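# Breakdown of the fold
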Amino acid sequence: MSGQESHRDEDEDFYMKCRASYLAVFRSSLSNITSKQLLCRVLQQAGRNPSLATLSKYWTPRTSKLNFDDFCEILKCEKKTEETELMRAFKKMDVNSDGYITHSELEKALTTRGEKMTTEEVKTIFTLADINKDGKLNYEEFCRLLVSTAEQCQVAALERLEADAKLKIQNFGSQSYSPPKSAVSSASSAAAAPVAATHPQPPETSDATLRKDSRSSSRPSSARSRRSSLANSINMTSSSTKSSKVPEPAGLQEWHHSHMKGCFFLEDDGSIGSLQYQLHIPQTTNVYLTIQPQSLGHRPDKSPPWMTVDTVLFIMSAGETKEDSTVVHFTESKDKEKYIWKGELNTGTYYLLPFTSGCRLKKRIKKNLSDKPVELVSRTDSGELDLTLELREALSDIFEIIDLDGNGLLSLEEYNFFELRTSGEKCDKEAWAVCKENFDMRNNQLTRQGFMELNLMEATEKDGDPADLWVILEAMGYNRTLELVEACPFQIDVHCEDMPLSLQTISMDTGPKLLNQALHKSIIARTGAKALRGQDNVFIYTYRGEHRISSLIVNKTNQKVTVHINNEQSRNCSSSRGMSVFAVEVPARTKMVCQHILPISDKQDWTYNCVETILTCT
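Small disclaimer: the values here were computed from a predicted structure and weren't measured.

Rules used in this analysis
- Within each chain, residues carry numbers counting from 1 in the order of the written sequence.
- The predicted origin of the model limits local features to residues at a pLDDT of at least 70 and limits the giving and counting of side-chain atom pairs to 80 or more, whereas totals for whole chains, interfaces and linings rest on all residues.
- Heavy atoms throughout the structure, all of them, feed into the side-chain values; hydrogens and water do not.
- Each helix is a run of DSSP H or I of at least 4 residues and each strand a run of E of at least 2, with the numbering of both proceeding from the N terminus.
- Here the term buried applies to any residue with accessible area under 20% of the maximum for its type, exposed to any over 50%, and partly exposed to those in between, with areas from a 1.4 Å probe on protein chains only.
- Note on contacts: a residue pair is in contact if any heavy atoms of the two residues lie within 4.5 Å.
- With residues, only the protein chains shown are counted as cover, and all accessible areas are computed by Shrake-Rupley using a 1.4 Å probe.
- Within the patch definition used here, like charges are joined within 9 Å and nonpolar side chains (Val, Leu, Ile, Met, Phe, Trp, Tyr) within 5 Å, considering only residues with over 30% relative accessible area and no salt bridge.
- We define a salt bridge as a side-chain nitrogen of Lys or Arg found within 4 Å of a carboxyl oxygen belonging to Asp or Glu.
- Within this scheme the basic residues Lys and Arg register as positive and the acidic residues Asp and Glu register as negative, but His and the chain ends are omitted.
- Just so you know, the charge point we use is NZ for Lys, CZ for Arg, CG for Asp and CD for Glu.
- One requirement defines pairing of two strands: DSSP has to find at least two bridges between them.
- In this analysis an axis means a line fitted to C-alpha atoms, helices contributing only their contacting stretch, and an angle means the value between N-to-C directions, from 0 to 180 degrees.
- Roughly parallel refers to an angle under 35 degrees, roughly antiparallel to one over 145, roughly perpendicular to one between 65 and 115, and oblique to any angle outside these ranges.
- Two helices crossing with the near one rotated counterclockwise from the far one by less than a right angle form a left-handed crossing, whereas a clockwise rotation gives a right-handed crossing.
- Polar here means any residue outside two lists: the nonpolar Ala, Val, Leu, Ile, Met, Phe, Trp, Tyr, Cys and Pro, and the charged Asp, Glu, Lys and Arg; Gly therefore counts as polar.
- For Phe, Tyr and Trp, where Trp contributes only its six-membered ring, two rings pair if their centres lie within 6.5 Å, and the inter-plane angle classes them as stacked under 30 degrees, edge-to-face over 60, or tilted in between.
- Placement of a positive charge over a ring is assigned whenever Lys NZ or Arg CZ falls within 6 Å of the ring centre and within 35 degrees of the normal to the ring plane.
- Disulfides are defined in this document as cysteine sulfur pairs within 2.5 Å.
- Any pair of nitrogen or oxygen atoms within 3.5 Å is treated as a polar contact; in protein, a donor-acceptor pairing is required on top of that, and neighbouring residues in sequence qualify only through side-chain atoms on both sides.
- Nonpolar core, defined: a set of buried Ala, Val, Leu, Ile, Met, Phe, Trp, Tyr and Cys residues in which side-chain atoms within 4.5 Å join the residues together.

### Observations concerning the overall build of the chain
On a plain count of helices and strands, the chain comes out with 18 helices and 26 strands. Within the span of the chain, comprising 618 residues, buried residues form 46% of the whole. Looking at the chain alone, contacts between residues at least 24 apart form 70% of all its contacts between residues at least 6 apart. For the chain, the accessible surface area stands at approximately 31100 Å², while carbon and sulfur atoms represent 47% of it.

Encoded structure:
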């Protein structure tokens, strides 16, 4: 077996165990974890013993749900509790070194160290652990039982998954299975066998269904399975071999120009949000429009990681209602980091809706919480509080992000973009007047220095406690080492040849719905529908752009359908779903984006090879 195959087997075994643990708590791997208590329960099912600090690391005050993919990432970071670790901890409590811990020794340790417990909680634990009821805890036996119980939980979950055909269908699609030979561990490797590359096997069915099929068709099951599967294969060349197809118009410097900044933010639930914009064209004219990631200024020697994030701008005519709005164009062509559209726009008002696929701006599990976070506040020689240089640099970057018009000052509207993002509240005019009295302002707008003074005041009011500062930083996409990892600043530039234009930010409750509508229409308009064989009313649309592939599932039936997606034969591809094999649940009479695909490396050719298979129709 090659090293690559061995690694793939390990990955498959890992995901098999992840699913088994997940399904011991939830009915489906498509269900979400909706509370810290459920997160604790499913982690314990996977053999982990999470502390409150560990749970709080992954379930923050802003977390509303975690999905199966998040759970898998957490398990990669949180290793199983080993018996030797537990023994080492108990030996520290064993003052007599006799292999036993008394109730008083345990109570002293658990009520004074680490995550302190109450006396009642300690009493409950000791009562359960004192098997012989002699007032002493044989911690070696206790550790062995604890680890053994965790292992038994995983074995039971694997056995349940192996025995339940419906669960296997739902969560592994059309993978082929071998019965367990001896231990469940060997069965898990067989159960995680790769999906067939071209024609997956049909889902397992009940005996009654099999008898019905045997009467209605004499064809083998593999032939029947092809009716509900669809294979798509697309070869793409590297971007390094492509040249820009939209040359900059001659005399562009003489055109009327306006620009506006913004930022994509990765939310706790994995969705991506941003501001929307409104463009008014007073007269039909030629337009040159671009969107690109914004490189922030204080580190010119280093290209920031978000500069590789893909950006798109959808142009929609602004109708009186959402239904009246129609997609006019979007930025399909690319020149380095810049995405471009050039053409003629008629007189009227348009919505500009920024979009990124999520292939390169993805949720990251905080792996190194044990690493000491960057210091945010320090004291001067005179003992006064001050912001550290690292924090000042981060705040300077944040200032650039929220300075939407790029004039070097923050208006009340721009500052409220920041406030709504970090606190969920707006600053009113009276509070703004107070800011004017206390912080550096110019023309009723906050300067960069005033922004620093405001944040220093908040730190001073908390006597140097950085907790509120971390809430601000994390809401703006920073991690504990002050790296911007869950946000992508961008800039929009609009040039009009003949007439001045008006470009401004707008806040629309319907913004996400409009963007979804624009995305769906752009995919459908540029590709034909392919029906899943045997399902005349379930269609796959696969859009092939110059630099992105997107697929859309359209369910025209009156039933919910679950579609299994297999990308394992793709090469140099990154899916917005974050996994090569997954399932998509599409409600009745609904359209849903299946996935977006970008190359992992822009410098290499890439091949998209996807097999879509109907699992259930309920």
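### Points about a positive patch on the surface
A surface patch of like charges, here positive, comprises K521, K556, R589 and K591. With respect to the helices and strands, the residue K591 is situated in strand 25 (residues 590–599). Residue K591 is classed as partly exposed on the basis of its relative accessible area of 41%.

### Considering the environment of L515
Along the chain, L515 turns up in helix 18 (residues 511–525). Along the primary structure L515 and F314 are separated by 201 residues, whereas in three dimensions their C-alpha atoms are 7.7 Å apart. Apart from residues lying up to four places away in sequence, L515 is in contact with F314, L353, P354 and F355.

### Considerations on the sheet that holds strand 17 (residues 487–496)
Read from one edge to the other, the open sheet built from six strands follows the order 5-4-17-7-11-10, with strand pairing classed as antiparallel. Each edge of the sheet is formed by a strand with only one pairing partner; in this case those strands are strand 5 (272–273) and strand 10 (333–335).

### Focus: the sheet that holds strand 21 (residues 549–555)
Pairing within the open sheet is antiparallel, and its five strands lie in the order 19-20-21-25-23. Edge positions in the sheet fall to strand 19 (529–532) and strand 23 (573–575), since each has one partner strand and no second. Put simply, the sheet's adjacent strands are angled 25 degrees from each other on average, direction ignored. Bridge count between strand 23 and strand 25: three bridges; the pairing is antiparallel. Note that in strand 25 the partner of S575 across the bridge is I597.

### With respect to the packing of helix 2 (residues 36–45) against helix 4 (residues 68–77)
Relative orientation of the contacting elements helix 2 and helix 4 amounts to 55 degrees, with a least axis distance of 11 Å. When the axis of helix 2 is compared with that of helix 4, the two are oblique. In the packing of helix 2 onto helix 4, the handedness of the crossing is right-handed. In this structure, helix 2 uses L39, V42 and L43 to contact helix 4, whose residues at the interface are F71, I74 and L75. Counted by class, the contact of helix 2 with helix 4 contains six nonpolar, no polar and no charged residues.

### Things to note about the packing of aromatic side chains
Applying the stated criterion across every chain yields a total of 14 aromatic pairs. Summarising the aromatic geometry, the rings of F265 and F417 are spaced 6.4 Å apart at their centres and angled 55 degrees between planes, so their arrangement reads as tilted. Taken as a pair, F265 in strand 4 (residues 256–266) and F417 in helix 14 (residues 412–422) lie far apart in primary sequence, 152 residues in all. Neither residue differs from the other here; F265 and F417 are each classed as buried. Among the aromatic side chains, those forming a connected cluster through ring pairs are F399, Y415, F418, W432 and F451. A cation sits over an aromatic face here: R421 above F265, 4.2 Å from the ring centre.

### A word on the pattern of salt bridges
Pairing is possible between side chains that carry opposite charge, provided their charged atoms lie close to one another. Here the structure, examined in full by the defined rule, presents eleven salt bridges. For the salt bridge of R62 with E267, the shortest nitrogen-to-oxygen distance reads 3.6 Å. Of the two residues, R62 sits in the loop between helix 3 (52–58) and helix 4 while E267 sits in the loop between strand 4 and strand 5, which places them 205 residues apart along the sequence. Among the salt bridges present, the one from R480 reaches E474, with a minimum N-O distance of 2.9 Å. By relative accessible area, which is 33% here, R480 ends up partly exposed. When its relative accessible area of 25% is taken as the criterion, E474 is described as partly exposed.

### Considering the state of the cysteines
One pass over the structure, following the stated rule, counts zero disulfides. C573 provides the cysteine sulfur closest to C359, a residue in no disulfide bond, and the two sulfurs are 9.3 Å apart.

### A short note on the side chain of S570
Considering the arrangement of structural elements, one finds S570 in the loop between strand 22 (561–566) and strand 23. Of note is the side chain of S570, whose polar atom sits 2.8 Å from the backbone nitrogen of N609. Excluding its chain neighbours within four sequence positions, the residues that come into contact with S570 are T607, Y608 and N609.

### Here's the deal with the nonpolar core
In terms of nonpolar packing, the biggest core is built from 65 residues, with L352, F451 and V494 touching the most fellow members. Considering every element that reaches this core, the biggest residue donor is helix 13 (residues 389–402), with seven residues. Not counting the four nearest positions on each side in its chain, L352 is found in contact with Q276, Y277, L279, L289, L313, F314, I315, I492, V494 and L503. Core analysis: the next-biggest nonpolar cluster, separate from the first, contains 22 residues, L39, Y58, W59 and F68 among them.

### Regarding unusual backbone geometry
Apart from glycine, the bulk of residues carry a negative phi angle, and the bulk of peptide bonds sit in the trans form. With a phi close to 55 degrees, N443 is a non-glycine residue in the positive phi region. Within the secondary structure, N443 sits in the loop between strand 15 (441–442) and strand 16 (445–446). Looking at N443, the relative accessible area reads 67%, which means it is exposed. Within the chain, R589 stands out as a residue other than glycine whose phi angle is a positive 50 degrees. Along the chain, the position of R589 falls in the loop between strand 24 (581–586) and strand 25. Judged by its relative accessible area of 56%, R589 falls in the exposed class.

### Focus on the packing of helix 13 against helix 16 (residues 448–461)
Running from amino to carboxyl end, helix 13 crosses helix 16 at an angle of 125 degrees, the nearest separation of the two axes being 10 Å. One finds that helix 13 runs oblique with respect to helix 16. Like other packed secondary-structure pairs, helix 13 and helix 16 cross with a definite hand, here right-handed. Across the interface between the two elements, R392, L395, S396, I398, F399, E400 and I402 from helix 13 touch R448, F451, M452 and N455 from helix 16. When grouped by side-chain class, the residues that make up the contact of helix 13 with helix 16 number six nonpolar, two polar and three charged.

### Quick look at the pairing of strand 12 (residues 348–355)
Counting buried residues along strand 12, seven of its eight residues qualify, which places the element largely inside the surrounding structure. In this sheet, strand 12 lies alongside strand 6 (residues 276–281) in antiparallel orientation, the contact comprising five bridges. Bridge pairing in strand 12 places I281 opposite G348.

Note that every value here comes from positions in space, so none of it alone points to a role or purpose.
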